[in-house]
Amino acid sequence: MNQMNFELQADLYTLPKQARTGIIFREIGISSNWEKEIPTGYAHVKIFVIEGTLELTVDRKTYILQRGDFLDSLNQSVQLQRTSSNARAFLLQFSEEFLRQALREKRPFPPTYLLRILQNPVIRIPLVHFSTVIRGMEHIRQAIANSPSRFSQEILQSKVLIFVLEMADILVNEANVSMSLNSGKHAQILSKFLLLLQEHIRDEHSVNFYAAQLNITPQYLRRIVRGTIGDSVYQVISNNLNQEICKLLLETNLTLQAIADELHFSDQAVLSKFFKRNNGISPQKYRNEQK
């Protein structure tokens, strides 16, 4: 690989205060004092390993990432376990809302790709594409680190849009998935299910609702989801609902009861029990630790 300059003076860059929860850039490496905690509450986690080895878990499954590996995680719990002494990697995290605004209604990844990363989020990037990945992530870092200006948000979103479109060309090809939307009945149903979740997760939490929207039986939906991504429908719904709770805890000052009402929990106690079961801590403790 060509010699490149990675003179990063800090390990965390964020947007100005009003959009701080939208995006995070971090460098994992020799010069970084960053600890191994990956912030939660971000739907999209992307890690590119430049040198060395990283061991991490994605929804409790262990992955060993080496030079050239790209982690593309969507609505999954990612935890870094350990790194080699020579490890160097870039980490990008986006909230769902930030990425939606940056993409401007574009959908560069086919449903088959989403299925692929839900089953295995690690993709090996060929050496010929290293410079594209690193350059794109560097441009985002620089846009975040620049002094605020009238068009800071728009410039950053443009950098993210370019990066995502370039990565779509690389990742879809390397993941060996088809761009065709007619890649199988199960893939189509799962794709529609995931889109319905994004639209209705704050209001609807039942398997029966999503099955009815898809005009299939709940049993058939359970079989498709379990057979394609290995998780139950309930777990997929729970993961998305948990992300919404994290988002509201971090991005708003709503009380727990107000969040419970917003997400159609029967009361605050039920929400707290659900959150603690999925995260190991109470919502209030999570909010205090992350803010």
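My aim in this report is to walk through the structure given alongside it, one point at a time.

Thresholds, definitions, all that
Here the residue numbering is sequential within each chain, running from 1 through the sequence in written order. pLDDT decides what is reported in this predicted model: residues at 70 or higher carry local features, side-chain atom pairs at 80 or more are listed and counted, and totals for whole chains, interfaces and linings draw on all residues regardless. Note: side-chain values were computed over all heavy atoms of the structure, leaving out hydrogens and water. Numbering goes from the N terminus for both helices and strands, where a helix is a DSSP run of H or I of at least four residues and a strand is a run of E of at least two. We define a polar contact as two N or O atoms separated by no more than 3.5 Å, with the added condition that, inside protein, one atom must be a possible hydrogen donor and the other a possible acceptor, whereas residues neighbouring each other in sequence contribute only through side-chain atom pairs. Each residue is assigned to one of three classes by its accessible area relative to the maximum for its type, calculated with a 1.4 Å probe on protein chains only: buried under 20%, partly exposed between the two thresholds, exposed over 50%. A strand pair is defined by DSSP finding two or more bridges across the two strands. Put simply, two rings from Phe, Tyr or Trp (the six-membered ring, in Trp's case) pair if the centres are within 6.5 Å, and we call them stacked under 30 degrees between planes, edge-to-face over 60, tilted for the rest.

**Focus: the side chain of Ser95**
1) Next: Relative to the helices and strands, Ser95 resides in the loop between strand 8 (88–94) and helix 1 (96–103).
2) Next: For Ser95, the side chain forms a polar contact with the main-chain nitrogen of Phe98, separated by 3.1 Å.

**Here's the deal with the pairing of strand 8**
1) Next: Counting buried residues in strand 8 gives seven out of seven residues, a clear majority hidden from the surface.
2) Next: Residues Arg88, Phe90, Leu92 and Phe94 line one face of strand 8 and the alternating positions Ala89, Leu91 and Gln93 line the opposite face, and both faces are buried.
3) Next: As paired strands, strand 2 (residues 23–28) and strand 8 are joined by six bridges and run antiparallel to one another. Along strand 8, the bridge assignment pairs Ile28 with Ala89.
4) Next: In this sheet, strand 8 lies alongside strand 3 (residues 44–51) in antiparallel orientation, the contact comprising seven bridges. Residue Phe48 lies in a different strand from strand 8, and its bridge partner there is Phe90.

**Remarks on the packing of aromatic side chains**
1) Next: Counted according to the given criterion, the structure contains nine aromatic pairs.
2) Next: Between the aromatic rings of Phe48 and Phe70, the centroid separation amounts to 6.4 Å while the plane-to-plane angle is 45°, which identifies the pairing as tilted. A residue pair is termed long-range when its members are at least 10 positions apart, and Phe48 in strand 3 and Phe70 in strand 6 (residues 69–74) qualify at 22 residues.
3) Next: Exposure remark for Phe48: the relative accessible area of 0% places this residue in the buried category.

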